[in-house]
2 protein chains.
Amino acid sequence: MSHEKKRSAEALTDWATRCLESQGATCGVAQAMAKHLVAGDLMGFRTHGLLRLRYNLQALAKGATKASGQPRVAQERAAIALWDADLLSGLYVLPQAIEKAIAMARDYGTGTVIVRRTQHVAALAVYLEQATAAGMLIQMMCSTPAQQVVAPFGAKSASFSPNPFAIGVPTTSDPVLLDMSLSMTAAGKVRTAIAEGKQLPYPALITAEGDYSCDPNTFVAEPASVLASLGGEALGYKGTGLNLFSEFWTLALSDYGRADAQAADGDANTVWLQVVDPSALMAEGAFERQAQQLVAAVRQATPITPAQPIRLPGEGALSKRRQQLQTGIEYSAATWRQLEWCAEFCDEPLP
Amino acid sequence: MSHEKKRSAEALTDWATRCLESQGATCGVAQAMAKHLVAGDLMGFRTHGLLRLRYNLQALAKGATKASGQPRVAQERAAIALWDADLLSGLYVLPQAIEKAIAMARDYGTGTVIVRRTQHVAALAVYLEQATAAGMLIQMMCSTPAQQVVAPFGAKSASFSPNPFAIGVPTTSDPVLLDMSLSMTAAGKVRTAIAEGKQLPYPALITAEGDYSCDPNTFVAEPASVLASLGGEALGYKGTGLNLFSEFWTLALSDYGRADAQAADGDANTVWLQVVDPSALMAEGAFERQAQQLVAAVRQATPITPAQPIRLPGEGALSKRRQQLQTGIEYSAATWRQLEWCAEFCDEPLP
């Protein structure tokens, strides 16, 4: 695209930090928020990158996202803790929660932190390497108690929020980084399809009439369609089971369900994260070798299309990051206009 | 069916226990194996019930399944343990592992046991209520290092074993009991379709030519088709991610991967199980109320077909069990012939 803008990750992170500070965020909060938004862009998750800076600045400005403070430990027992983020940004709170889980795993073999009432979490993928770099496995799930947009199997109305699921696993080479939703598609992809005037590539929506549909415009119709659980018309009971897994382990285990989520918590999320320390169970390096064998078994599978080798989760994102750390991060004209809005709003000229 | 045979669960359990003892199983091993096979029948999982008694008797007779002894603790750290089952039956070892995990969760909030080299595990669903009855959540995953029958996304050859995934969750009413595979279908369902001369209801297989197929006969052709990961042709990368989750958390965390599984371990499984004690995080009864709200949100969704209300995982199985505990367990003529074979093999007349 001729309209693309390229800037270094470092310059963008510094600029976004200043913008966030201008809206009252303390230095620590602003740095963590900027770092993890830019991390999303570096890995190619453009809907979870600086495109969302505007949203975060406005949330700080109106007090929906808290600008300073620390999460509160609500309850704790040895290897598990429940934190209340008190509407601090997930971009700031989750790295602290992972640090705590890693410390627990060193002592107990596993470490689990459930964080409720945390604002913008962005892409779970950007948090995973904190654990894998420490030689540990991590699993994360996120749900949003005030949102219901995903239908259980057999229904044409929604019970679940969009529920991302992520894992990070160290190997002897790159870590495996999986970040996916438990529905057939994400609301962001539906909105992109509307903007581009395209149909969805498979029937991921259920209309108010109960039909599985590829038409993104049904999502903004009245009455609106809802997202189908992973598995769709044939196997949606599996996706429904996985959505229940996510919401029992986040909402129910945080003692903060849909009935508790006040209007003010509209966007606030609940995150389950668990770290496992393989050194509790085997000699140093053994886990990474076993994990590498599983990775090799996937890579060595025979591709359906010979020119398309089998890919591992996270492979594309890590490759994209390597490239953009060299060349700078490319922004589309549409995203750049959002950054220009932020620059003006905060009176912080773009780099 | 006019050929169906009905017997009480108790009489069948006693009979199966005697059969297993006749093949050398100690009383404790035989009782646990019989109980959990009959539990599968009671819940309607017929391919994981007494239909598999013959297999278990033969495995005991030839020493593939160990008839006595205890699992060995390979490694342990506070809230996590790695056990080596030394080829004891999963039907005997897993209840012990869950008991250990429950005890760990009382002390640490969570308890995790990974069991490697365990023989026949049957349906994960039959183990879940041990945790839910103690007021705890349980998650289980199982894989089989010497088997590869599920393809990663984009491939027409297999990397993964059939990997079931299960959760059990206490509510204020019945527990939620989910037990599903992470592939598009199970090998048993493909074999049933072959026997019945039917096509699969959706393309769950990938042929050696790389085509998604409903034809079960491709599964026994040469070269054979393989099972597709959950998500299929459009979204199989999600099922591939879930299969990787299962195999990293079972095979890699047990330090016993496909390269380690000797020929003698052909059917031996590795199980990850984790129990969470919600009383570590909230007042008594609070978790069950939150879980019940999530269940209610699913039940209250608007059904696509008004006559088909939305079902919760485990609902059908628990209803089937209630009915069969009253009326006795019904067996098809084909399964009954297998039980007659066992009766003759062990010289233990059927009840």
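- Looking up chain A in an unreviewed UniProt entry gives the name L-lactate dehydrogenase, with the organism given as Pseudidiomarina piscicola.
- Quoted verbatim from the Sequence similarities (unreviewed entry) heading of the UniProt record, the comment on chain A is "Belongs to the LDH2/MDH2 oxidoreductase family."

**Description of the nonpolar core**
Here is a general trend for soluble globular proteins: nonpolar side chains tend to be buried in one another's company.
Part 1: Membership of the largest hydrophobic core comes to 112 residues, with the highest contact counts inside it found for Phe-248, Trp-249 and Leu-253 of chain A together with Phe-248, Trp-249 and Leu-253 of chain B.
Part 2: Beyond its immediate sequence surroundings of up to four residues, Phe-248 of chain A is in contact with Leu-253 of chain A together with Leu-137, Ile-167, Val-169, Val-176, Phe-287, Ala-291, Leu-294 and Val-295 of chain B.

**As for the sheet that holds strand S7 (residues 164–169) of chain A**
All names here are of chain A.
Part 1: Sheet architecture is open: seven strands sit in the order S2-S3-S4-S12-S5-S7-S8, paired in mixed fashion. The open sheet terminates on both sides in strands that have one partner only, identified here as strand S2 (72–77) and strand S8 (176–181). Geometrically, the sheet is characterised by an average inter-axis angle of 10° between neighbouring strands, direction not taken into account.
Part 2: Pairing of strand S4 (residues 110–118) with strand S12 (residues 269–276) involves seven bridges; the strand directions are antiparallel.

**Re the side chain of Ser-159 of chain A**
Part 1: As for its position among the elements, Ser-159 of chain A is in the loop between strand S6 (150–151) and S7.
Part 2: With sequence-adjacent residues up to four places away left out, Ser-159 of chain A is seen in contact with Gln-148, Val-150, Ala-151, Pro-152, Glu-247 and Arg-258 of chain A together with Ala-297, Val-298 and Ala-301 of chain B.

**Section: the interface of chain A and chain B**
Part 1: Facing 90 residues of chain A, the contacting portion of chain B comprises 90 residues.
Part 2: Across the chain A/chain B interface, buried area totals approximately 6900 Å², and carbon plus sulfur atoms make up 71% of it.
Part 3: Taken as a group, Arg-77, Leu-281 and Ile-304 of chain A account for 11% of the area that chain A buries against chain B, more than any other trio of residues on that side.
Part 4: If you look at where chain A meets chain B, you find two salt bridges.
Part 5: For the salt bridge of Arg-77 of chain A with Asp-277 of chain B, the shortest nitrogen-to-oxygen distance reads 2.9 Å.
Part 6: A per-element tally of the side of chain A that touches chain B places helix H7 (residues 232–252) of chain A first, with 13 residues.
Part 7: Partitioning the side of chain A that touches chain B into residue classes produces 57 nonpolar, 21 polar and twelve charged.

Rules and cut-offs
Residues numbered from 1 in each chain as written. Chains lettered and ligands numbered in written order. Predicted model: local features only at pLDDT ≥ 70, side-chain atom pairs only at ≥ 80, totals over all residues. Heavy atoms only, no water. UniProt positions renumbered as here; feature names shortened; annotations may be inferred. Core = buried A, V, L, I, M, F, W, Y, C linked by side-chain atoms within 4.5 Å. Buried < 20%, exposed > 50% of the residue type's maximum accessible area, 1.4 Å probe, protein only. Contact = heavy atoms within 4.5 Å. Pairing = 2+ DSSP bridges. Helix = DSSP H or I, 4+ residues; strand = E, 2+ residues; numbered from the N terminus. Axes fitted to C-alpha atoms, helices over the stretch in contact; angles between N-to-C directions. Buried area = accessible area lost by both parts, 1.4 Å probe. Salt bridge = Lys/Arg side-chain N within 4 Å of Asp/Glu carboxyl O. Nonpolar A, V, L, I, M, F, W, Y, C, P; charged D, E, K, R; others polar.

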